[in-house]
Amino acid sequence: QQQVKQSPQSLIVQKGGISIINCAYENTAFDYFPWYQQFPGKGPALLIAIRPDVSEKKEGRFTISFNKSAKQFSLHIMDSQPGDSATYFCAASESDYGQNFVFGPGTRLSVLP
Amino acid sequence: NAGVTQTPKFQVLKTGQSMTLQCAQDMNHNSMYWYRQDPGMGLRLIYYSASEGTTDKGEVPNGYNVSRLNKREFSLRLESAAPSQTSVYFCASSEVFTNQETQYFGPGTRLLVL
C-alpha cells in the first residue's frame, strides 16, 4: 500500500498565527489530494482539495500548496482560531482507483486563545 | 437531511462475539465505504461499495464482511471479534466513485473488544 507521510504529529499555535501541516507521497500516479478536518467525537469532513495541475489553492483562511517535483503538499491555516483546533488528515488517490484514498496519520492542531 | 447515520455509537464485545454495524445515508449516493481509524494510523478502508449490488475489499478487509442491503444501507459485520478490531469505525458515502467526489462521513462507532 502506498503511504502518505504527514508531519507534525501535533501542533500548537497561538491565536492569529499560521498553522502549517506537511504531507509527502511516493506514488506519482496520485492525482487528487484532499484535506480533511475532524473534531473530537465527529467524523472527518472535507476541508479543501487540490489537483496536481495547480500549485496552490486557497479557500478563505485555508490554502493548499503543492510541489509536484518534490511530491509534497501542505496545508496552511492563516489567522488560526481556537475553533480550528481539530485533527487534520491529508489524503491522496489515483483516478483509476476511484475513492481508494490513502490517508496520512493525522495532525492534532491546538490553537491557544 | 440526516446525512450519514451509524448505529450503535458505542459497543463493547467479548472476544469471539459477533456484531453488525449499521450505516444509512439519505443523500441518494451511489457509493458507500467502511473505514477504521486507529491512533497514529489515519483512516484505513475496510470495504467499499461503488454502486448498489457491488462490494469490494479495501486495504484491511480480514475479519470483516459487508452487505449493501439497498442503495441507502451498508452494513459491516464482525463474525468473531478480536481485540485487534478495537477501533473507531466510520461509514461514508459519495455520489459516485470517482476520486474527486466528496465523501461524507458518519459520526462513527466506537468498538471495544475485550
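For the structure given in this document, a descriptive report is provided here.

**Considering the overall build of chain B**
Helix and strand content of chain B: 0 helices and 11 strands. Counted from the first residue to the last, chain B has its helices and strands arranged as β-β-β-β-β-β-β-β-β-β-β. Taking 2.2 N^0.38 as the reference for a compact globule, 114 residues should give roughly 13 Å; the C-alpha atoms of chain B span a radius of gyration of 13 Å, in line with that estimate. Projected onto its principal axes, the C-alpha positions of chain B cover 35 × 25 × 25 Å.

**Topic: the side chain of Thr63(A)**
Within the secondary structure, Thr63(A) is located in strand β7 (residues 62–67). Once residues lying within four places of it in the same chain are set aside, the contact partners of Thr63(A) are Glu56(A), Lys57(A), Lys58(A), Ser74(A), Leu75(A) and His76(A).

**Considerations on the interface of chain B and chain A**
It is common to give the size of an interface as the accessible area lost on bringing the parts into contact. Residue-level contacts link 24 residues of chain B with 23 residues of chain A. Summed over both sides, the interface between chain B and chain A buries roughly 1,800 Å², with carbon and sulfur atoms accounting for 52% of that surface. The largest contributions to the chain B side of the interface with chain A come from Leu43(B), Asn99(B) and Gln100(B), which together make up 33% of the buried area. At the junction of chain B and chain A, the tally comes to 0 salt bridges. Where chain B touches chain A, the interface holds 1 residue pair in polar contact (both at pLDDT 80 or more). Taken together, the elements giving at least two residues each to the side of chain B that touches chain A come down to β4 (31–37), β5 (43–49) and β9 (87–94) of chain B. The residue makeup of the side of chain B that touches chain A, split by class, is 11 nonpolar, 10 polar and 3 charged.

**Focus: the pairing of strand β9 (residues 86–92) of chain A**
Residue and element names in this part refer to chain A. Across the 7 residues that make up β9, a large majority, 7, are buried. Residues of β9 alternate between two faces, with Ala86, Tyr88, Cys90 and Ala92 on one and Thr87, Phe89 and Ala91 on the opposite face, all of them buried. Where strand β4 (residues 33–38) and β9 come together, 4 bridges link them in antiparallel fashion. In the strand pairing of β9, Gln38 is matched with Thr87. The sheet contact formed by β9 and strand β11 (residues 107–112) spans 3 bridges and is antiparallel. Pairing of Thr87 across the sheet is with Arg108, part of β11. Direction of pairing for β9 relative to strand β10 (residues 102–103): antiparallel, over a ladder of 2 bridges. Paired with Ala92 across the bridge in β10 is Val102.

The rules behind each value
Residues numbered from 1 in each chain as written. Chains lettered and ligands numbered in written order. Predicted model: local features only at pLDDT ≥ 70, side-chain atom pairs only at ≥ 80, totals over all residues. Heavy atoms only, no water. Helix = DSSP H or I, 4+ residues; strand = E, 2+ residues; numbered from the N terminus. Rg over C-alpha atoms; globule rule 2.2 N^0.38 Å. Contact = heavy atoms within 4.5 Å. Buried area = accessible area lost by both parts, 1.4 Å probe. Salt bridge = Lys/Arg side-chain N within 4 Å of Asp/Glu carboxyl O. Polar contact = N/O pair within 3.5 Å; in protein donor to acceptor, adjacent residues only side chain to side chain. Nonpolar A, V, L, I, M, F, W, Y, C, P; charged D, E, K, R; others polar. Buried < 20%, exposed > 50% of the residue type's maximum accessible area, 1.4 Å probe, protein only. Pairing = 2+ DSSP bridges.

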